[in-house]
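If you want the building blocks of each chain, they are given just below.
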Amino acid sequence: MKFNTQLIHGGNSEDPTTGAVSTPIYRSSTFHQHVLGGEPKWEYSRTGNPTRASLEKLIAELEHGTAGFAFASGSAAIHATFSLFSQGDHFVVGSDVYGGTFRLINKVLKRFGLEFTVVDMQDLKAVENAIQDNTVAIYFETPTNPLLQIADIKEIAAIAKKHGVKTIVDNTFATPYNQQPLTLGADIIVHSATKYLGGHSDVVAGLAVTNDNEIAEQLAFLQNSIGSTLGPDDSWLLQRGMKTLGARMRVHQENATAVIDFLQKDEHIGKIYYPGLKNFPGHDVAAKQMRNFGAMISFELKDGLDAKKFVESLQLIDLAESLGGIESLIEVPAVMTHGSIPREIRLQNGIKDELIRLSVGIEDSEDIIADLQQALEKLD
Ligand SMILES: Cc1ncc(COP(=O)(O)O)c(C=O)c1O
Ligand SMILES: N[C@@H](CCSC[C@H](N)C(=O)O)C(=O)O
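Rules used throughout
- Each chain carries its own residue numbering, running from 1 in the written order of its sequence.
- All chains are assigned letters beginning with A, and all ligands numbers beginning with 1, in the order in which they are written.
- The model is predicted, so local features are restricted to residues of pLDDT at least 70 and side-chain atom pairs to those at 80 or more, both for listing and for counting; the totals for chains, interfaces and linings are taken over all residues.
- A helix here means a DSSP run of H or I that spans at least four residues, while a strand means a run of E at least two residues long, and both kinds are numbered starting from the N terminus.
- C-alpha atoms define the radius of gyration, and 2.2 Å times the number of residues to the power 0.38 defines the globule rule.
- A residue is called partly exposed when the number of other C-beta atoms within 10 Å of its own lies between 12 and 20, exposed at 12 or fewer, and buried at 20 or more, with C-beta atoms placed from the backbone.
- Throughout, a pair of residues is in contact if the C-beta atoms placed from their backbones lie within 7 Å.
- Domain ranges listed in this record stem from an automatic or a database domain assignment.
- To decide whether a residue is near a molecule or strand, its C-beta atom is placed from the backbone and checked for lying within 6 Å of it.
- The residue classification treats Ala, Val, Leu, Ile, Met, Phe, Trp, Tyr, Cys and Pro as nonpolar and Asp, Glu, Lys and Arg as charged. All others, Gly included, are polar.
- For this analysis, nonpolar core means a set of buried Ala, Val, Leu, Ile, Met, Phe, Trp, Tyr and Cys residues linked through C-beta atoms within 7 Å.
- Each residue carries a pLDDT value, the predictor's own confidence for that position, ranging from 0 to 100.
- The rule for pairing is simple: two strands pair if DSSP sees at least two bridges between them.
- Axes, fitted as lines to C-alpha atoms, cover a helix only where it is in contact. Angles between the N-to-C directions of the axes lie from 0 to 180 degrees.

Engineer: What am I meant to see in the overall build of the chain here?
Structural biologist: On a plain count of helices and strands, the chain comes out with 14 helices and 12 strands. Taking 380 residues into account, the globule formula puts the C-alpha radius of gyration at 21 Å, and the chain, at 21 Å, falls close to it. Dimensions of the chain along its principal axes, counting C-alpha atoms only, are 75 × 50 × 35 Å. Per-residue burial over the chain gives 47% buried out of 380 residues. In the chain, once contacts between residues fewer than 6 apart in sequence are set aside, the share between residues at least 24 apart is 74%.

Engineer: Is there a simple way to think about the domain arrangement of the chain in this case?
Structural biologist: When the parts of a complex come together, some accessible area is lost, and that lost area is often used as the size of the interface. Taken as a whole, the chain is organised into domain 1 (3-242) and domain 2 (245-377). Taking only C-alpha atoms into account, the centre of domain 1 sits 26 Å from that of domain 2. At the junction of the two partners, domain 1 supplies 35 residues and domain 2 supplies 35 residues. Elements supplying a minimum of two residues to the side of domain 1 that touches domain 2: α1 (3-9), α4 (99-108), α6 (153-162) and α7 (175-178). It is α4 that contributes the most residues to the side of domain 1 that touches domain 2, 4 residues altogether.

Engineer: Can you walk me through the environment of Ile351 in this structure?
Structural biologist: Locating Ile351 in the fold gives a position in the loop between α13 (343-348) and β12 (356-359). By the C-beta count within 10 Å, which is 24 here, Ile351 ends up buried. When sequence neighbours within four positions are dropped, the list of residues in contact with Ile351 reads Pro146, Leu147, Pro333, Ala334, His338 and Arg346.

Engineer: I'm lost on the site of ligand 2 in this one. Help?
Structural biologist: Around ligand 2 sit Tyr98, Gly100, Asn145, Ser192, Glu321, Ser322, Leu323, Thr337 and Ser340, and that is every residue in its neighbourhood. Per-class residue counts for the shell around ligand 2 are 2 nonpolar, 6 polar and 1 charged. Taken together, domain 1 (3-242) and domain 2 (245-377) each give at least three residues to the shell around ligand 2, which thus spans both.

Engineer: Please clarify how the nonpolar core should be interpreted in this entry.
Structural biologist: Ile138 and Ala208 are the most contacted members of the largest nonpolar core, which totals 96 residues. Among the domains, domain 1 (3-242) and domain 2 (245-377) are the pair contributing at least three residues each to this core.

Engineer: Where do I start with the confidence of the model for the chain in this structure?
Structural biologist: For any part of a model where pLDDT is low, the fine detail of the predicted coordinates should not be relied upon. Here the chain averages 97 in pLDDT, and 100% of its residues register 70 or above. The weakest mean pLDDT in the chain belongs to α13 at 95; the strongest belongs to strand β7 (residues 206-210) at 99. Of the two predicted TM-score estimates for the complex, the pTM is 0.98 and the ipTM is 0.98.

Engineer: Would you mind going over the site of ligand 1 with me for this structure?
Structural biologist: Taken together, the neighbourhood of ligand 1 is formed by 14 residues, with Ser73, Gly74, Ser75, Tyr98 and Ser192 sitting nearest. Elements with a contribution of two residues or more to the shell around ligand 1: α3 (74-82) and α4. Its residues placed into classes, the shell around ligand 1 shows 2 nonpolar, 10 polar and 2 charged.

Engineer: Where do I start with the sheet that holds strand β2 (residues 90-94) in this structure?
Structural biologist: One open sheet accounts for 7 strands, arranged β1-β7-β6-β5-β4-β2-β3; its pairing is mixed. Each end of this open sheet is capped by a strand with a single partner; those strands are β1 (67-71) and β3 (115-119). Ignoring strand direction, the axes of neighbouring strands in this sheet form an average angle of 20°. Of the strand pairs in this sheet, strand β4 (residues 135-141) and strand β5 (residues 166-170) are connected by 5 bridges, and their pairing is parallel. The residue bridging Phe140 from the neighbouring strand is Val169, located in β5. Strands in contact with α6 are β4 and β5; relative to β5, the strand with the most contacts, it is inclined by about 150°.

See the structure below:
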């Protein structure tokens, strides 16, 4: 089955008892057991739920994994993944990650004795040099949030394998439509499914996928033990959203290309961060490992122009945290999504106070551009 067909017909796309083509929402918290002490397929909905299982099967298929796991948020999926490891274990982690992941690492996981070395994932030598005797995994995003930096998954996974450590990729920005890290050598993928996978800004969810049976067994154990599972209603809503991922991504891409073209020509715009630009540092690697470059764009205004006034002047594009929804969203990472990173570390990692991040939606591109233009003209 090809990708778009899989989106629609993958998972348990037909209910075994009724033939319903949309997986039913099984709201039951528990399931009747016919035999005491038997091994029922379903016993309790934290342990396993048919609606959630359909979604988990679908994401495993899309990412070429053998097992998928659905969580109450992307952060919960990331937390469960790090919970595979133990006190004293060391991780090499990308320097540009979502602010909440930085917070989880620094304010939570470190308290439990996990150790981290932060590295620019674009520098393969630095990645290898950061590996220590107690390193267990390399964790990174590509493209990153919010600088759109590109890490070479195949090369990093090869370094990891050479040293006997795991590769964990946050595939939120690319989605399996644009990039499939397990096929490039990664061991675990995590997603904030709140973003492109859900696609309609109406569900908070997280997913993890692996192709390693031992990790899968442990993740199932942790998912049940920690209990931050995705409920059946949200599982259904997410799978419903995912059916149109391919169709949405094509329009997101078309619109992003038009917006990039506009931004490049506009006199108010300074630096643009977008892997589709030929002179962007990660362009060649992105072209090699991604189907297309995606619809996340970060940019700076020319020196002296007021970023606050610009984002507050937009009328169609929402000033809001999150990304990947059908509606265009804009934000200032330093104040919003990456506000939990101390300013000096943020600046050191390249996230300027004035950086603006745009998630290009699937409205008519003329309207998105007209809105950007009118807000930019207010700066004159
Ligand atoms: C790249 C990335 N990973 C993980 C997360 C966490 O996901 P969630 O908000 O669903 O917990 C986010 C955003 O929140 C993100 O942008
Ligand atoms: N205020 C939230 C931040 C949510 S950011 C959501 C998303 N990852 C994005 O990058 O837009 C928090 O502090 O967790």
